[in-house]
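# Architecture at a glance
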Amino acid sequence: MTAFAFVFPGQGSQSAGMLDAWGGHPAVRETLREASDALGEDLARLIHEGPKEALQLTANTQPVMLAAGVACWRAWRAEGGGLPVAVAGHSLGEYSALVAAGALTLAQAAPLVRLRATAMQQAVPVGAGAMAAILGLDAAQVRQGCAEATRAMNNPAEVVQAVNFNDLTQTVIAGTKAAVDKACGVLKEMGARRALPLPVSAPFHSSLMKPAAEKLKAALEGVTLAAPQIPVVNNVDVAVQSDPARIRDALYRQAFSPVRWVECVQKLKALGAAAIVECGPGKALAGMTKRIDDSLASAAVYDPATLAQVKAL
């Protein structure tokens, strides 16, 4: 059998009806019930019906994507899918990875990500922060452009940083709106193919998220974590941790630190994975995998048909 890793998507892959293809699969149904009970609301109905505007609210997006990723994982295991050599998750997806690895229960994770989402939204007023995807420049160039924009603003309140290193020529920046706009202009002058504003409500993973991280840290201290049963590569250090205290600290720092996704994929390969399988709605991470390292097989499990295809690999 080909050695493989599972990776879990984060915000941006959500859509109304994203689990409908599973029908009444027992693993999916039970996962939605468990997450709904943990939050005291009907997540299954929200996922099935939407509307899109409700799913795009950060406080809803993070719990529904957590539940969807875990549902697909449990369906995979229920249908005889094997264990990966390691797992990882993009931003919010790291919580799905930790549930899959047995470090967190879904009942623990759902309230944590709801708090994380709410705290992130409250950290910066709507409209004051922004994010943009920069295409066509490498990470070092994007960092340089952000530094130039910051110097040009000449105002310590204006912040822009590289926060998601998604593939070799796609990096997301975040910060105050004026600074992000300035950086987009600088980076276009440096040769960026596109500087695409993202439809998000907060500057995730920037230093502006530190107040949210402090609230998350307090909540994490009250949660009992277990040592993962599958290695989990974290976003913030690109490291595998088994000590619950170190896992807590990595989740705390992840909220205001860059997602080092290129390095995470490279680490999964170093751990022995020849294939990387995205587990959850969408195929965004599968596309990133091919752009990061085309020697890796790339696939996605998001419905019964794709589950069967990946098992056949």
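The notes below deal with the structure included here. (Residues numbered from 1 in each chain as written. Predicted model: local features only at pLDDT ≥ 70, side-chain atom pairs only at ≥ 80, totals over all residues. Heavy atoms only, no water.)

## What about the layout of surface pockets?
The probe, sized like a water molecule, is rolled over the atoms to show the empty space still left. By volume, the largest pocket amounts to about 880 Å³. Forming the walls of the largest pocket are 38 residues, and the residues nearest its centre are Gln-11, Gly-12, Ser-13, Leu-198 and Val-200. When contributions to the lining of the largest pocket are tallied by element, the ones reaching two or more residues are helix H3 (52-55), helix H4 (58-78), helix H6 (106-123), strand E3 (129-135), strand E4 (160-167), strand E5 (170-176) and helix H12 (284-292). Looking at the lining of the largest pocket element by element, the count peaks at four residues for H12. (1 Å grid on protein atoms, 1.4 Å probe; cavity = no way out; pocket = protein on both sides within 12 Å on 5 of 7 lines; lining within 4 Å. Points joined across faces, edges and corners; volume = space filled by probe spheres on them. Helix = DSSP H or I, 4+ residues; strand = E, 2+ residues; numbered from the N terminus.)

## With respect to the packing of helix H1 (residues 26-39) against H6
Direction vectors running N to C along H1 and H6 enclose 55°, while the axes themselves pass 8 Å from each other. Comparing their axes, H6 and H1 come out oblique. Classified by chirality, the crossing of H6 by H1 is right-handed. Of the residues in H6, those touching H1 at Thr-31, Glu-34, Ala-35, Ala-38 and Leu-39 are Leu-106, Ala-107, Ala-110, Pro-111 and Arg-114. Taken together, the residues of the contact of H1 with H6 sort by class into seven nonpolar, one polar and two charged. (Axes fitted to C-alpha atoms, helices over the stretch in contact; angles between N-to-C directions. Parallel < 35°, antiparallel > 145°, perpendicular 65-115°, else oblique. Left-handed = near helix turned anticlockwise from the far one by under 90°. Contact = heavy atoms within 4.5 Å. Nonpolar A, V, L, I, M, F, W, Y, C, P; charged D, E, K, R; others polar.)

## So, the nonpolar core
Note on soluble globular proteins: their nonpolar side chains tend to be buried together. Among the nonpolar cores identified, the biggest contains 72 residues, and Phe-6, Leu-19, Leu-66 and Leu-104 are the most heavily contacted of them. For this core, the element with the highest residue contribution is H4, accounting for 11 residues. Ignoring anything within four residues of it in the chain, the contact list for Leu-104 reads Tyr-95, Leu-98, Val-99, Ala-109, Leu-112, Val-223 and Leu-225. In this structure, Ile-134, Ala-179, Cys-184 and Leu-187 belong to the second largest nonpolar core, which totals 19 residues. (Core = buried A, V, L, I, M, F, W, Y, C linked by side-chain atoms within 4.5 Å. Buried < 20%, exposed > 50% of the residue type's maximum accessible area, 1.4 Å probe, protein only.)

## Some remarks on the packing of aromatic side chains
Counting across every chain of the model gives six aromatic pairs. Considering the side-chain rings of Phe-4 and Trp-76, the 5.9 Å spacing of their centres and the 75° angle between planes classify their relative orientation as edge-to-face. Here Phe-4, found in strand E1 (residues 4-8), pairs with Trp-76, found in helix H4; they are 72 residues apart in sequence, far enough to count as distant. Given the relative accessible area of 9%, Phe-4 is considered buried. Of the residues examined, Trp-76 reaches a relative accessible area of 3% and is grouped as buried. Residues Phe-8 and Trp-73 carry aromatic rings whose centres are separated by 6.4 Å and whose planes lie at 65° to one another, so their mutual orientation is edge-to-face. Taken together, the residues span a long stretch of sequence, with Phe-8 in strand E1 and Trp-73 in helix H4 at a distance of 65 residues. For Trp-73, a relative accessible area of 7% corresponds to the buried category. Cation over ring: Lys-210 sits above Phe-256, and NZ or CZ is 5.2 Å from the ring centre. Positioned above the aromatic ring of Tyr-252, the side-chain terminus of Lys-217 is 4.7 Å from the ring centre. (Phe/Tyr/Trp six-rings, centres within 6.5 Å; stacked < 30°, edge-to-face > 60°. Lys NZ or Arg CZ within 6 Å of the ring centre and 35° of its normal.)

## A look at empty space enclosed by the protein
Inspection of the entire model under this criterion finds one cavity of 30 Å³ or more. Each pocket or cavity is described by its volume, and for the largest cavity that value is around 80 Å³. In terms of lining, the largest cavity is formed by Glu-94, Leu-98, Pro-228, Val-232, Asn-234, Ala-239, Gln-241, Ile-247, Ala-250 and Leu-251. Within the residue set of the lining of the largest cavity, elements represented by two or more residues are helix H5 (93-100) and helix H10 (244-254). Looking at the lining of the largest cavity element by element, the count peaks at three residues for H10. Taken together, the residues of the lining of the largest cavity break down into seven nonpolar, two polar and one charged.

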